[in-house]
Amino acid sequence: MTFEETLSWNPAWRRPIICPCETELYDPTESGCCKYKWNTCQKNPGHTNFITMSEFNLDHLPIRDPLIFQVIQALSSLTVKIEVNYISEHRPDIIKDAGIFYPYFTHKGNNTLRRTGSGRVFHVAMKFNNCPCSLCKSSSIPNRKYWLISVATATHVVFDSSEAKLSKCHFSFDSDSSQSIVLECLKLEPVPDIEKDTCSLLCVTHDSDFAVSLHKSVYEYYNLDRQVSVKYKDSRNVHRLAAIVSHPHGCSKRVSIGTWQERLETTSFGPEMADTKYIYNTCTCPGSSGAPVYILGKELWYNHSHSGAGALGNYSGIKWE
């Protein structure tokens, strides 16, 4: 696949940074940075196909099924904005066998080139030992009860634990007026996969009410997804619905609806199992990297993560299904 160059404008340097991905660069000292990026976007001027969560309704779906509407709403409740404030010295220069430069490889060790992406919560677990967050580590009385939250995203968004430790996740950023819940990130777990462009980011919180609510949302999504998958398993290749919930340009959460054009099997494990990636026309922008891609009728509960934009269309990372 031939990658198109996505240009992101960096206010700190007043010049473009070329990268084959859809993270968004931002300047934390400029309060209107996200809105500026939104208003000057060249990929999707006007963003007419990005729907706010308050406006999203059945009429936006090509299939007017309340169950599909509910599962996308549930997915939205799990979608987060990821803020990354460091570039690992261990990022490779190129992606092997792809012949392209790896995002931000020329800025290794840089802690001023800030960027945002998206991700999706897939697991919440309560723990009973010394909390590993930075506040508890420096306290003589660390919390003994805390919650770990696992977030799926793309490897090029958060490459390793050195980047994770200087990252934050913004939860419940549903509208421009909403106050997001910002959590500290701890590390990546397990080792990220560069070729599949997928990784798992670990966050921590002491807020039991928030964690319990999030835990319920995870299982609500799984239950709805199971129902929809059973219903549309045999017609997935007919409808080809692909929905994405992301934080374009680092702004509040948006839903975009489209269709997938190709399902590529990168590795086959038998007649019904394979590593796959999808190419789709569902709208994305810088800031959408790592966002969950909902494929109607796909049987397994996890989502592919959005990876970038190429000559053939927008595309996901690789997942097993």
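For the structure, check the block above.
Since the structure is predicted, the reported quantities are computational estimates derived from the model, not experimental observations.

Engineer: Would you explain the pairing of strand 15 (residues 274–280) in this entry?
Structural biologist: Sheet faces and side chains relate simply in a regular strand, where the side chains alternate between the two faces. Burial analysis of strand 15 places seven of its seven residues in the buried class, the great majority of the element. With seven bridges joining them, strand 14 (residues 254–268) and strand 15 adopt antiparallel strand pairing. Paired with Trp260 across the bridge in strand 15 is Tyr280. With two bridges connecting them, strand 15 and strand 19 (residues 319–320) associate as antiparallel partners. What sits directly across from Thr276, in strand 19, is Lys319. By the bridge criterion, two bridges tie strand 15 to strand 18 (residues 313–316) in an arrangement that is antiparallel. The partner of Ile279 across the bridge, within strand 18, is Tyr315.

Engineer: What exactly am I supposed to notice about the pattern of salt bridges here?
Structural biologist: Opposite charge on two side chains permits them to pair, given that their charged atoms come into close proximity. Under the definition given, this model contains 14 salt bridges. The salt bridge involving Glu24 is made with Lys37; its shortest N-O contact spans 3.0 Å. Of the two residues, Glu24 is situated in strand 3 (residues 24–26) and Lys37 in helix 1 (residues 33–39); the sequence distance between them amounts to 13 residues. For Glu24, a relative accessible area of 3% corresponds to the buried category. Notably, a salt bridge pairs Glu321 with Arg236, separated by 3.4 Å at the nearest N-O pair. Placement of Glu321 in the segment after strand 19 and of Arg236 in helix 6 (residues 236–239) is noted, with a sequence separation of 85 residues between them. Salt bridges linked by common partners bring Arg236, Arg263, Glu265 and Glu321 together as one network.

Engineer: It is not clear to me how the environment of Leu186 should be interpreted in this structure. Could you clarify?
Structural biologist: Among the secondary structure elements, Leu186 is positioned in strand 11 (residues 181–188). The residues contacting Leu186, other than those within four sequence positions of it, are Pro132, Cys133, Leu148, Ser161, Ala164, Lys165, Leu202 and Val204.

Engineer: Quick question: what am I supposed to make of the pairing of strand 12 (residues 199–205) here?
Structural biologist: Among the seven residues of strand 12, seven are classified as buried, and the element is accordingly described as predominantly covered. Residues Cys199, Leu201, Cys203 and Thr205 line one face of strand 12 and the alternating positions Ser200, Leu202 and Val204 line the opposite face, and both faces are buried. With seven bridges connecting them, strand 9 (residues 146–153) and strand 12 associate as antiparallel partners. Of the residues in strand 12, the one forming a bridge with Ile149 is Cys203. As paired strands, strand 11 and strand 12 are joined by three bridges and run antiparallel to one another.

Engineer: Got a minute to help me understand a nonpolar patch on the surface in this structure?
Structural biologist: Taken together, Phe269, Met273 and Trp320 make up a surface patch of nonpolar side chains, about 290 Å² in accessible area. Assessed through its relative accessible area of 35%, Trp320 is described here as partly exposed.

Engineer: Mind showing me how you'd approach the packing of aromatic side chains here?
Structural biologist: For any pair of aromatic rings, the description rests on two quantities: the centre-to-centre distance and the angle between the ring planes. Tallying each qualifying case throughout the model produces eight aromatic pairs. Both rings, one in Trp38 and one in Phe50, keep their centres 6.4 Å apart while their planes meet at 70°; by these two values the pair is edge-to-face. Of the two residues, Trp38 sits in helix 1 while Phe50 sits in the loop between helix 1 and strand 4 (51–52), which places them 12 residues apart along the sequence. For Phe50, a relative accessible area of 6% translates into the label buried. Relative to Tyr222, the ring of Tyr219 lies with its centre 5.6 Å away and its plane at 80°, an arrangement referred to as edge-to-face. Within this pair, Tyr219 and its partner Tyr222 are both found in helix 5 (residues 208–232), separated by three residues, close to a single helical turn.

Engineer: Just to check I follow, could you spell out the state of the cysteines for this structure?
Structural biologist: Covalent bonding between the sulfur atoms of two cysteines is what defines a disulfide. Evaluation of the coordinates by the stated rule reveals zero disulfides. Residue Cys199 stays outside any disulfide, its sulfur separated by 10 Å from that of Cys169, the closest cysteine. For Cys199, a relative accessible area of 6% translates into the label buried.

Basis of the calculations
- In this numbering scheme, every chain counts its residues from 1 along its sequence in written order.
- Only residues with pLDDT of 70 or above have their local features reported here, since the model is predicted, and side-chain atom pairs are shown and tallied only from 80 upward, although totals for entire chains, interfaces and linings are computed over all residues.
- In computing side-chain properties, one takes all heavy atoms of the structure into account and sets aside hydrogens as well as water.
- Residue exposure (1.4 Å probe, protein chains only): buried if accessible area is under 20% of the type maximum, exposed if over 50%, otherwise partly exposed.
- Under the scheme used here, helices are H or I runs from DSSP no shorter than 4 residues and strands are E runs no shorter than 2 residues, and both carry numbers assigned from the N terminus.
- Paired strands are those between which DSSP finds at least two bridges.
- A pair is scored as a salt bridge if a Lys or Arg side-chain nitrogen falls within 4 Å of a carboxyl oxygen belonging to Asp or Glu.
- Every residue pair with non-hydrogen atoms within 4.5 Å of one another is taken to be in contact.
- Patch membership needs two things, relative accessible area over 30% and no salt bridge, and members are linked within 9 Å if like-charged or within 5 Å if nonpolar (Val, Leu, Ile, Met, Phe, Trp, Tyr).
- The protein chains shown are the only cover counted for residues, whose accessible areas, like all others here, come from Shrake-Rupley with a 1.4 Å probe.
- Within 6.5 Å between ring centres, the rings of Phe, Tyr and Trp (the latter by its six-membered ring) count as paired, and their orientation is classed by plane angle as stacked under 30 degrees, edge-to-face over 60, tilted in between.
- Pairs of cysteine sulfur atoms within 2.5 Å are identified as disulfides in what follows.

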